[in-house]
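The residues making up each chain are set out below.
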Amino acid sequence: MNNQPIPRLRKTAQLQIKEHLKKNTPFVLLPESNWETKRDEFLERLESFPLTLLRYHKTDPAATRNNATYLKTSYSAIVKNMDAYKKSPDYTYNVASDIRNLGQDIGKSVFEQFAPDVVSYSVLEEINFWVNFGGDPSGLHYDVYDNFNFQLSGKKVFYIAPPGWKKYHAKKVSTFQGHTSSYGNIRNLRENASDREVQEQLNEFSEVELNCGELLYLPTCWWHEVHAKDSLNTNVNFWWRNESKLLFKFLPQLYTSLWTYAYRKAKGI
């Protein structure tokens, strides 16, 4: 595992932030002084709106939504039932809800409060509210979005590595899960991958600890696996797609994502 530190910047470091965006390299933004008040106001406003709870069999990789069961819930119900979700012997649960189009301009206000002022709200495709209950990792995968990921409560550990279409035994495009590793997670990959090339690729991973009030910029197509700590772990992420970057640098990943998108669209998920 590569221990090279990821830069930690202040939100005011606009030039450095823009440089990382241009180079497609990650960074972490340190908390602002009043972030907790903003967080509490956001969660209070969110309580009255519906959220989507995803349920996976523990044998399924949690990095893909294709095989999840979609359940409706609310934030107050999540807090009430979190012990049951965490202790379930058969299922893994997490909340993944796009709140961009919720009422009262919740999505826009949370973006303006927590994201650096280098990306326009109008380019965002999704604003996802996440809740995890500790335990199972996300699974090893990449996304074709640039991602600002803001930690609201608890702590997450990200294992991240530079892009590579065929790295880490990515699944075939025809599975509609070509953005994920066939080994599921880094531990299985490390234990079972016999070829030297993959073992060398594993050394490219960096470990990023994301604490409350911090924001991680996870560039498009970077491989990552996420471990949520604490019994109630919440964060919000902002996804946007840089078409020119995808077309000129990551065309195979874009092609793979279109297959996945078409499958989910057909399934209504």
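Residues numbered from 1 in each chain as written. Predicted model: local features only at pLDDT ≥ 70, side-chain atom pairs only at ≥ 80, totals over all residues. Heavy atoms only, no water.

*Asks:* Could you give an account of helix H1 (residues 14-23), naming the residues involved and the relevant values?
*Replies:* Of all the residues in H1, the buried ones are Ile17, His20 and Leu21. Looking straight down H1, one finds its buried side chains confined to an arc of 100°; they lie on one side. Along H1, exposed side chains directed more than 90 degrees from the buried face belong to Leu15, Lys22 and Lys23. At its buried positions, H1 is contacted by strand E1 (8-9), strand E2 (27-29), strand E7 (146-153), strand E10 (215-218), strand E12 (233-240) and helix H7 (243-249). Immediately downstream of H1, the backbone of asparagine 24 shows phi near 65°, a positive value. (Buried < 20%, exposed > 50% of the residue type's maximum accessible area, 1.4 Å probe, protein only. Helix = DSSP H or I, 4+ residues; strand = E, 2+ residues; numbered from the N terminus. Arc of directions from axis to C-beta. Contact = heavy atoms within 4.5 Å.)

*Asks:* Could you give an account of a nonpolar patch on the surface, naming the residues involved and the relevant values?
*Replies:* Together, Leu247, Phe248 and Leu251 make up an exposed nonpolar region whose accessible area comes to about 360 Å². Residue position: leucine 251 is located in helix H8 (residues 251-267). (Patch = residues over 30% accessible without salt bridge, like charges linked within 9 Å, V, L, I, M, F, W, Y side chains within 5 Å. Areas by Shrake-Rupley, 256 points an atom, 1.4 Å probe, with all protein chains shown as cover. Salt bridge = Lys/Arg side-chain N within 4 Å of Asp/Glu carboxyl O.)

*Asks:* Tell me about the pairing of strand E5 (residues 91-98), residues and numbers included.
*Replies:* With 6 of its 8 residues buried, E5 lies for the most part within the structure. Relative to E5, strand E3 (residues 51-57) runs antiparallel, the two being bridged by 5 bridges. Bridged to leucine 53 within E5 is valine 95. Where E5 meets strand E6 (residues 124-132), 4 bridges bridge the pair, whose relative direction is antiparallel. Along E6, the bridge assignment pairs valine 95 with valine 131. (Pairing = 2+ DSSP bridges.)

*Asks:* Can you lay out the packing of helix H2 (residues 35-46) against helix H4 (residues 106-114) for me, pointing to particular residues and giving the numbers?
*Replies:* For the pair H2 and H4, interaxial distance at closest approach is 11 Å and the crossing angle is 170°. When the axes of H2 and H4 are compared, the pair comes out roughly antiparallel. In this structure, H2 contributes Trp35, Lys38, Arg39, Phe42, Arg45 and Leu46 to the contact, and H4 contributes Ile106, Ser109, Val110, Gln113 and Phe114. Considering only residue class, the contact of H2 with H4 consists of 6 nonpolar, 2 polar and 3 charged. (Axes fitted to C-alpha atoms, helices over the stretch in contact; angles between N-to-C directions. Parallel < 35°, antiparallel > 145°, perpendicular 65-115°, else oblique. Nonpolar A, V, L, I, M, F, W, Y, C, P; charged D, E, K, R; others polar.)

The analysis is restricted to geometry; functional conclusions fall outside its scope.
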